[in-house]
Amino acid sequence: MTTTNVLNEKNKDFTLFGDKHKKHFQVIEKTYQNNIESDYTDKIEALGKDFDYSSNSNHFWGDRELSTLYGTPLYQQASHAQKLALNHLYWVGQYQHTASAEANTMLYNQITSGVFAHVGGYETLCQELDFETTQERHHINTFHKIGYKTKIALLGKESFGNPLHKKLNNQTQNNLLDKFQKFPNQEEIQDFTFRLITKLMHQGKENYYSEYLKHKSDSIPTTTGGLAGITASPSVFKYLSLNWGSSPFLAAQYYSVRMVANMSLKTYEYHYYKQFRDLDRKGEFVPTPIAVSYYHLLDESFHTTMSQTIAQEVYKDFPKPTMYEKLLSNVVILLLQRGLLSGLSAALPATFRDDVNFMPSYYRLLTSPLFNKMSQEDALHWMEKCLCEEHEGFHVNLKYQQTLLNDLRRFFGHLEYLWPVNREMRLMAEGGSIEKAIKRNQIAFQQFASSVTA
Ligand SMILES: [Fe+2]
Ligand SMILES: [Fe+2]
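As the structure is a computational prediction, the values presented were derived from the model and not from experiment.

Novice: What is the right way to look at the overall build of the chain in this model?
Specialist: In terms of helices and strands, the chain carries 21 helices and zero strands. For the chain, with 454 residues in total, the buried portion stands at 55%. Here the contacts in the chain between residues at least 6 apart in sequence split such that 80% fall between residues at least 24 apart. Entry remark: accessible area of the chain is about 20,800 Å², with carbon and sulfur atoms responsible for 53%.

Novice: Help me understand the side chain of Asn422, please; the structure alone is not making it clear to me.
Specialist: Along the chain, the position of Asn422 falls in helix H19 (residues 420-423). There is a polar contact of 3.0 Å between the side chain of Asn422 and the side chain of Gln337.

Novice: I would appreciate a short explanation of the coordination of the iron ion (ligand 1) in the present structure.
Specialist: For a metal with four tetrahedral donors the ideal donor-metal-donor angle is 109.5 degrees, while six octahedral donors give ideal angles of 90 or 180 degrees. Every protein donor of the iron ion (ligand 1) is listed here as Glu102 (OE), Glu102 (OE), Glu136 (OE), His139 (ND1), His296 (NE2) and Glu300 (OE), and their distances to the metal cover 2.1 to 2.4 Å. Coordination geometry of the iron ion (ligand 1): the six donor atoms subtend angles of 57 to 175° at the metal centre, consistent with an arrangement described as irregular. The sequence pattern describing where the donors of the iron ion (ligand 1) fall on their chain is E-x33-E-x2-H-x156-H-x3-E. Distance-wise, the iron ion (ligand 2) is placed 3.8 Å from the iron ion (ligand 1), both being coordinated by Glu136. With Glu102 in helix H6 (residues 80-116) and Glu300 in helix H14 (residues 288-312), this pair connects stretches of sequence that are 198 residues apart.

Novice: Where do I start with helix H17 (residues 376-387) in this structure?
Specialist: Given 3.6 residues per turn, any residue in an α-helix points the same way as the ones three and four places further on. Helix length check: H17 (12 residues) gives 16 Å between terminal C-alpha atoms against 16 Å at 1.5 Å per residue, within 8%. Here H17 has its buried residues at Ala379, Leu380, Trp382, Met383, Cys386 and Leu387. One face of H17 carries all of its buried residues, which in axial projection span an arc of 165°. For H17, the elements touching its buried residues are helix H5 (73-76), helix H16 (359-366), helix H18 (392-412) and helix H21 (434-453).

Novice: Help me understand the coordination of the iron ion (ligand 2) in this model?
Specialist: Surrounding the iron ion (ligand 2) are the protein donor atoms Glu136 (OE), Glu300 (OE), Glu300 (OE) and His303 (ND1), which sit 2.0 to 2.4 Å from the metal. Relative to the metal, the four donor atoms surrounding the iron ion (ligand 2) lie at angles of 56 to 156°, and the coordination shape comes out irregular. Given a relative accessible area of 2%, Glu136 falls into the buried group. Exposure remark for Glu300: the relative accessible area of 5% places this residue in the buried category.

Novice: Just to check I follow, could you spell out the pattern of salt bridges for this structure?
Specialist: When charged atoms on two side chains of opposite charge get close, those side chains can pair. Considering all chains together, one arrives at 14 salt bridges under this definition. Here Glu313 makes a salt bridge to Lys316, at a shortest N to O gap of 3.6 Å. Of the charged contacts, one joins Arg410 and Asp407 as a salt bridge, the two residues approaching to 3.5 Å between their closest N and O atoms. Linking Arg410 with Asp407, this pair stays in helix H18, spanning three residues, or about one helical turn. Owing to a relative accessible area of 27%, Asp407 belongs among the partly exposed residues under this scheme. In the salt-bridge network here, residues are joined through shared partners; they are Glu187, Asp191 and Lys238.

Procedures and definitions
- Residues numbered from 1 in each chain as written.
- Chains lettered and ligands numbered in written order.
- Predicted model: local features only at pLDDT ≥ 70, side-chain atom pairs only at ≥ 80, totals over all residues.
- Heavy atoms only, no water.
- Helix = DSSP H or I, 4+ residues; strand = E, 2+ residues; numbered from the N terminus.
- Buried < 20%, exposed > 50% of the residue type's maximum accessible area, 1.4 Å probe, protein only.
- Contact = heavy atoms within 4.5 Å.
- Areas by Shrake-Rupley, 256 points an atom, 1.4 Å probe, with all protein chains shown as cover.
- Polar contact = N/O pair within 3.5 Å; in protein donor to acceptor, adjacent residues only side chain to side chain.
- Donors = N, O, S within 2.8 Å, 3.2 Å for Na, K, Ca; no water.
- Tetrahedral: all angles 85-135°; square planar, octahedral: opposite > 155°, others 65-115°.
- Expected span 1.5 Å × (residues − 1).
- Arc of directions from axis to C-beta.
- Salt bridge = Lys/Arg side-chain N within 4 Å of Asp/Glu carboxyl O.

Keep in mind these numbers describe shape, not what the thing actually does.
Shown next as structure tokens:
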């Protein structure tokens, strides 16, 4: 049977079995209608445009718990002004990360929507995904605006390029350049190989190949920052771009990855949402960032519903996954667990990664005017105390970790094609240990300290 015939058969199946009446089609229809009706992007954009740090600077933006360095010995002795700043910088950091994650989302929404467009009956789903992509553009814009103004006010222009930052950035860039310069053709060879393997692995499904990827025939789109950046290299994501764009099952499987992003965000955003409602009810001043979080959560709630529906229901409409598709899906979730969820930060609440990658940022923070430009010796002393010894901050973070772990287990428990290590989020569960986090931080800190003093 040719692929066209397969497609025709599939369309016939939809009409024959009345798939349109399946519950998830109604959910998709309702979500799309509700999302376009409620859409808070204009409101969010306006809040970002009018944001002025000084009018918001004397208020906490959400729970005090949601502050950089919360619960550490340094936080205990910080002044009120420093505590405010740490609370504001936490918001900025989290939403910078969210902005990068949503940039990833924009790409993969388009790639996967380009696959669903080839399967009959998913027009509304594609419209919703396109609409979400537009919404993310506005969200990202606003997060950047507030983040930029806040960082300038609190840390000065230098915070965007201080010498240590440059030194460390250059090291990373040189590593990347090295990789490509040694073998001038390496990237082309790699792309060619990726295309070849993907084609072989998805034989007979050529008609599903993403429209979006067809228009990007010269280079394979990939992504670097956000959740993707933590999960795997840009090369791995090129390979995933091709695969998520080649089969309906894998296109739907991408939404289990997106669901992790949705749920991770909600871990802290929900607290801002609650704070907004409390302040609003009492008729008190609402800091702009809390309002942005509140409206963002409302927009995102539709995205979360879509991620859940596609990842848990829509994939069942498609041909069952091949061995290869199962393997790839499991590897992706395993990488995601390892990169994003298998640690416990000492100084960033609701962050389930080791502090190794944040050490340059902590150092910059402590040597900034906010901490009276601590000396190198003092900064390293405090970093060691905050990252390598047990304190309240670890316990606060563990509480968030347990909540997200339970939510993710409930979500992944439904996906029968996953290995138990993924269904039960075993890597994440193992990461929920203060003792292990301290041990890893001790090793990373020694290396960091010697790179700074070298
Ligand atoms: Fe968003
Ligand atoms: Fe979203």
